[in-house]
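Residues per chain are reported as follows:
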Amino acid sequence: MAYPRLSGNEEKQVGSKLQALRQDAARILSYNVDNVRVNFFGLEEGVLRPLAGLSDNMTYAPELTMEIRRGQGGTGTAYESGEVCVLSKTGATWSGNNLPTDELTKVHPALGWVISLPVESEGGGPPLGVVNVDGLGALPPVLQDENSEQFELTMVILKNIIDGSIQPDLQAAYWAKG
């Protein structure tokens, strides 16, 4: 499935919901909103790419040119598995990283963590894409223990926001053009 470009109105509607998600995520994670970023990666020509207009607070230009294959990094892993994927950076090393070096060099130098949330397609098809909520700086305390109830609750809340707010608009845009 290849994700189509959104019309101006669709892009604006999804874009404003991504802005709201960034604000909500900052509150949920107790993190400085200025250091939280949100973006949507859609499948184009066999690779996941950040789609133009579907990001908030993404100001590091090289990241907007990333191309991630299925199963690579948090984004590709979330897309391939259909499950939420959380990666964090310790020193110069990323947990669970398997991005090629040329793509890893495009990542913002201050990026410290990424939550990759697949956007499910109705009818059980492949995901529509992946919403990444990420942060510049240290891993928030709520994300430090993946086995804690607080961690799991945080993932459920973020996934519910996407499923209830962003997914219906993306699904409608896909089916209108698909």
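Our structure's up above, just so we're on the same page.
Please read all numbers here as calculations on a predicted model, not as lab measurements.

Visitor: For this particular structure, what's the right way to read the nonpolar core?
Guide: Residues Leu18, Leu21, Ile115 and Val133 are the most contacted members of the largest nonpolar core, which totals 29 residues. If you list the elements that add at least two residues to this core, you get α1 (8-29), β1 (36-44), β2 (47-56), β5 (111-119), β6 (129-136) and α4 (149-177). A total of seven residues in this core trace back to one element, the largest contributor, which is α4. Discounting residues that sit within four places of it in the chain, Leu18 has contacts with Val38, Phe40, Leu54, Ser55, Asp56, Val131 and Ile166. Cys85, Leu87, Leu99 and Val114 belong to the second largest nonpolar core, which has 16 residues in total.

Visitor: Even after reading the chapter, I still don't get a nonpolar patch on the surface, so can you show me in this structure?
Guide: On the surface, Leu153, Val156 and Ile157 cluster together into a nonpolar patch covering about 240 Å² of accessible area. Among the structural elements, Leu153 can be located in helix α4.

Visitor: Can you help me understand empty space enclosed by the protein in this one?
Guide: To find leftover empty space, a probe the size of one water molecule is rolled over the atoms. In total, this model carries one cavity of 30 Å³ or more according to the counting rule given. Here the largest cavity is characterised by a volume of approximately 240 Å³. Around the largest cavity sit 20 residues that line it, and Met66, Leu99, Val107, Leu111 and Val114 are the ones nearest its centre. Where the lining of the largest cavity is concerned, the elements lending two or more residues are β1, α2 (73-81), β5 and β6. Grouping the amino acids of the lining of the largest cavity by side-chain chemistry returns 11 nonpolar, six polar and three charged.

Visitor: I tried to follow the packing of aromatic side chains on my own but got confused; where do I start?
Guide: Both the distance between ring centres and the angle between the ring planes are used here to describe each pair of aromatic rings. Considering all chains together, one arrives at one aromatic pair under this definition. With centroids separated by 5.2 Å and ring planes inclined at 85 degrees, the aromatic side chains of Tyr31 and Trp113 adopt a geometry described as edge-to-face. Note that Tyr31 is positioned in the loop between α1 and β1 and Trp113 in strand β5, a separation of 82 residues in sequence. The exposure class assigned to Tyr31 is buried, which follows from its relative accessible area of 16%.

How each quantity is defined
- Residues numbered from 1 in each chain as written.
- Predicted model: local features only at pLDDT ≥ 70, side-chain atom pairs only at ≥ 80, totals over all residues.
- Heavy atoms only, no water.
- Core = buried A, V, L, I, M, F, W, Y, C linked by side-chain atoms within 4.5 Å.
- Buried < 20%, exposed > 50% of the residue type's maximum accessible area, 1.4 Å probe, protein only.
- Helix = DSSP H or I, 4+ residues; strand = E, 2+ residues; numbered from the N terminus.
- Contact = heavy atoms within 4.5 Å.
- Patch = residues over 30% accessible without salt bridge, like charges linked within 9 Å, V, L, I, M, F, W, Y side chains within 5 Å.
- Areas by Shrake-Rupley, 256 points an atom, 1.4 Å probe, with all protein chains shown as cover.
- Salt bridge = Lys/Arg side-chain N within 4 Å of Asp/Glu carboxyl O.
- 1 Å grid on protein atoms, 1.4 Å probe; cavity = no way out; pocket = protein on both sides within 12 Å on 5 of 7 lines; lining within 4 Å.
- Points joined across faces, edges and corners; volume = space filled by probe spheres on them.
- Nonpolar A, V, L, I, M, F, W, Y, C, P; charged D, E, K, R; others polar.
- Phe/Tyr/Trp six-rings, centres within 6.5 Å; stacked < 30°, edge-to-face > 60°.

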